[in-house]
Amino acid sequence: MNKKHLQFLRWAQAGATLFSTCTKSQYMAILTDSENFVLGIGYNGAPRNVAHCSEGACPRAFAPANHKSSDYSDCIAVHAEANCLLHSDFASRKQDGVTLYVNGEPCLDCAKLIANSGISMVVYICENRPSHEKVREVLLNSNIHLVSYAADDVFGKQIRTIDIAPHNRYNYTQ
C-alpha cells in the first residue's frame with residue numbers, strides 16, 4: 001500500500017465529513033501533481049445560491065426507504081470530482097502524474113468528466129456500486145490508471161459514528 005495514497009484518502013474522508021452538505025453521502029476529491037502538491041479540492045454540495053441538502057432541499061432525503069438512488073438521477077448536488085475539476089486549472093492537470101483522490105467510487109458522469117480532464121490516475125475507496133464496471137471501462141479506455149482500496153485497508157476495522165453535524169456519518173480511526 002502506498003502511504004501517500006492512504007494519507008490523501010483519509011484526508012478526503014475527513015474533509016467530506018466536515019464540508020459536504022449532502023445528507024445521503026459525503027464525498028471529497030483532492031487533486032495533486034506528481035510531487036503531491038494540491039492542485040484542487042472539491043466536495044459534494046448544492047450548486048451556488050441553491051439551498052443545500054443539509055438545509056432540507058434534497059429530494060432523496062424525503063424519498064421512501066426502498067427508493068433506489070444509487071444512479072444519482074434525482075441528486076441536486078454537484079459531485080466532489082466535478083467541483084474539484086471546476087476549482088482547478090486545466091493547464092496544471094495536463095502535467096504527467098496528476099492524481100485524483102476520492103473517498104468513494106466516481107459515478108459514470110464524473111468518470112466522463114475525469115476522462116476529459118487530463119488526469120493520469122484516480123485513487124479511490126471501492127464501494128462496489130452497480131455502475132463500477134462501466135466507470136472502470138470509461139477511465140481505463142481513457143488511459144487513466146486506477147487504484148482502488150477497500151475501506152478497511154484505508155481506515156482499519158474500527159469505524160465509529162460521530163456527531164459533528166447532523167449530516168455527518170463516520171469518523172475512521174486506527
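As a starting point, this report considers the structure included with it. The structure presented is a predicted model; accordingly, all values stated were derived computationally and were not measured.

1. Section: the pattern of salt bridges
Opposite charge on two side chains permits pairing when their charged atoms draw close.
Working step 1: A full pass over the atoms with the stated rule returns 3 salt bridges.
Working step 2: Between Lys 112 and Asp 109 there is a salt bridge, and its shortest N-O distance comes to 3.4 Å. One end of the pair, Lys 112, and the other, Asp 109, are both in helix α4 (residues 108-115), 3 residues apart, so they sit about a helical turn from each other.
Working step 3: Residue Glu 137 pairs with Lys 134 through a salt bridge whose shortest N-O separation is 3.5 Å. Placement of the pair is Glu 137 and Lys 134 together in helix α5 (residues 132-141), with a separation of 3 residues, close to one helical turn.

2. So, the packing of α4 against α5
Working step 1: The geometry of α4 relative to α5 is characterised by a closest axis approach of 9 Å and an angle of 5° between their N-to-C directions. Compared by their axis directions, α4 and α5 come out roughly parallel. Contacts from Leu 108, Ala 111, Lys 112, Ile 114 and Ala 115 of α4 reach α5 at Lys 134, Val 135, Val 138 and Leu 139.
Working step 2: The class makeup of the residues in the contact of α4 with α5 is 7 nonpolar, no polar and 2 charged.

3. Here's the deal with the nonpolar core
Working step 1: In this structure, Leu 100, Ile 114, Ile 119, Val 122 and Leu 139 are the most contacted members of the largest nonpolar core, which totals 19 residues.
Working step 2: Residues in contact with Leu 139, not counting those within four places in the same chain, are Ala 111, Ile 114, Ala 115, Ile 144 and Leu 146.
Working step 3: Residues Ile 30, Met 121, Val 147 and Val 154 belong to the second largest nonpolar core, which totals 15 residues.

4. Section: a nonpolar patch on the surface
Working step 1: Residues Trp 11, Val 38 and Ile 41 make up a contiguous nonpolar surface patch of roughly 230 Å² in combined accessible area.
Working step 2: Structurally, the position occupied by Trp 11 is in helix α1 (residues 3-19).
Working step 3: Among the residues examined, Trp 11 registers a relative accessible area of 37% and is labelled partly exposed.

5. Comments concerning the environment of Asp 96
Working step 1: Positionally, Asp 96 belongs in the loop between α3 (90-93) and β3 (99-102).
Working step 2: Counting along the chain gives 63 residues from Asp 96 to Asp 33, while the straight-line C-alpha distance between them is 7.9 Å.
Working step 3: Not counting residues within four places of it along the chain, the set of residues in contact with Asp 96 comprises Ser 34 and Ser 120.

Basis of the calculations
Residues numbered from 1 in each chain as written. Predicted model: local features only at pLDDT ≥ 70, side-chain atom pairs only at ≥ 80, totals over all residues. Heavy atoms only, no water. Salt bridge = Lys/Arg side-chain N within 4 Å of Asp/Glu carboxyl O. Helix = DSSP H or I, 4+ residues; strand = E, 2+ residues; numbered from the N terminus. Axes fitted to C-alpha atoms, helices over the stretch in contact; angles between N-to-C directions. Parallel < 35°, antiparallel > 145°, perpendicular 65-115°, else oblique. Contact = heavy atoms within 4.5 Å. Nonpolar A, V, L, I, M, F, W, Y, C, P; charged D, E, K, R; others polar. Core = buried A, V, L, I, M, F, W, Y, C linked by side-chain atoms within 4.5 Å. Buried < 20%, exposed > 50% of the residue type's maximum accessible area, 1.4 Å probe, protein only. Patch = residues over 30% accessible without salt bridge, like charges linked within 9 Å, V, L, I, M, F, W, Y side chains within 5 Å. Areas by Shrake-Rupley, 256 points an atom, 1.4 Å probe, with all protein chains shown as cover.

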